[in-house]
Amino acid sequence: ALSSTPSHPHRLLPPRQCLFAVPELSTTYLDGAASLFKSAPDDVASDLLAQLAKVAKGLLTARYSTAAADGDDEPAVVVQPRMFKRLVGKGHAEFASARQQDAQEYFQHLLSVLQRAERGGGGRLADGAPRAAGLFDFKMEERVEADGMVAYSTTPAQSLLSLNIPKEMAANAAEVAAYEEREAKRQKVDGAPPEEEAVLPNIPFAACLGQFGAQETLESFRGRAGATKTVRFKTFPKYLLVHLRRYYVGDDWTAKKMKCEVPMPETLDL
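Let me sum up the structure you'll find in this document. (Residues numbered from 1 in each chain as written. Predicted model: local features only at pLDDT ≥ 70, side-chain atom pairs only at ≥ 80, totals over all residues. Heavy atoms only, no water.)

Some thoughts on helix H8 (residues 205-213)
At step 1: All buried positions along H8 are accounted for by Phe 205, Ala 207, Cys 208, Leu 209 and Gly 213.
At step 2: Packed against the buried residues of H8 are strand E5 (161-164), strand E7 (224-233) and strand E8 (242-245). (Buried < 20%, exposed > 50% of the residue type's maximum accessible area, 1.4 Å probe, protein only. Helix = DSSP H or I, 4+ residues; strand = E, 2+ residues; numbered from the N terminus. Contact = heavy atoms within 4.5 Å.)

Below is the structure:
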């Protein structure tokens, strides 16, 4: 994810990695960089706070920029945070490897190790400096109704809203069905015409959100049949991370990735 909206207008800002698009964290780790470097242990390669400050200086200042090429308005910026990557992935079976990684899983892992580092950092972070934990966490309230009785419960704090993709609610369902029919015929005919560009299901984001908020029927609840459950936000985070579940288990019990398009709205009304 890239952002070009400057939180520090007086500095040269290249497009930023998702985490530092959050003004509070860019302020904490850029403005506090000198203090974090000074208070770092001798083995600075194992200090996440110092490594994060180093990445902040690389992404949010012109320290690693080179002269702009002819015709370019912005200078070239190359930041390669290898030490940061090794430290965050240390001890993790997947993230310590060079294999392709899942962005959602990595971001949650990063938040987890960052929150531990911030808690264990003592007085290294300036008083009042924002922490990662309070920026993304929120809670949900589950409401279950059965036989006229209502029960409420609150989920543990979470940092990500994970939504299913209702493929059956594609806005272009007729076009997708027609394409799949043509594709099936093409595969059966020798010398068939060249393949055409695939027509992917286009699912409105509102459909994903609507399915999440829809009432769910439970088989039973505390011995009562016909119970219904609804889920709502109990608290809101400053920044809401949204994850779309593209992976699913196929009929052959293998993981598959749903090929579809889900256009994201510019604003989200919850």
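There's more to say after this.
Some points on the packing of aromatic side chains
At step 1: In the structure shown here, the tally under the stated rule is 5 aromatic pairs.
At step 2: With centroids separated by 5.1 Å and ring planes inclined at 90°, the aromatic side chains of Phe 95 and Tyr 106 adopt a geometry described as edge-to-face. Of this pair, Phe 95 sits in the loop between helix H4 (82-89) and helix H5 (103-120) while Tyr 106 sits in helix H5; the two residues are 11 residues apart in sequence, bridging distant segments of the chain.
At step 3: The buried category is assigned to Phe 95, whose relative accessible area is 5%.
At step 4: Taking 5.4 Å as the distance between ring centres and 45° as the angle between the ring planes, the aromatic pair formed by Phe 138 and Phe 233 counts as tilted. In this pair, Phe 138 is assigned in the loop between helix H6 (133-136) and strand E3 (140-146) and Phe 233 in strand E7, connecting sequence segments 95 residues apart. Each of the two residues, Phe 138 as well as Phe 233, counts as buried. (Phe/Tyr/Trp six-rings, centres within 6.5 Å; stacked < 30°, edge-to-face > 60°.)

A word on the side chain of Thr 28
At step 1: In this fold, Thr 28 is placed in helix H1 (residues 23-31).
At step 2: Engagement of the side chain of Thr 28 in a polar contact is seen with the backbone oxygen of Pro 130, the distance being 3.1 Å.
At step 3: The residues contacting Thr 28, other than those within four sequence positions of it, are Leu 125, Ala 129 and Pro 130. (Polar contact = N/O pair within 3.5 Å; in protein donor to acceptor, adjacent residues only side chain to side chain.)

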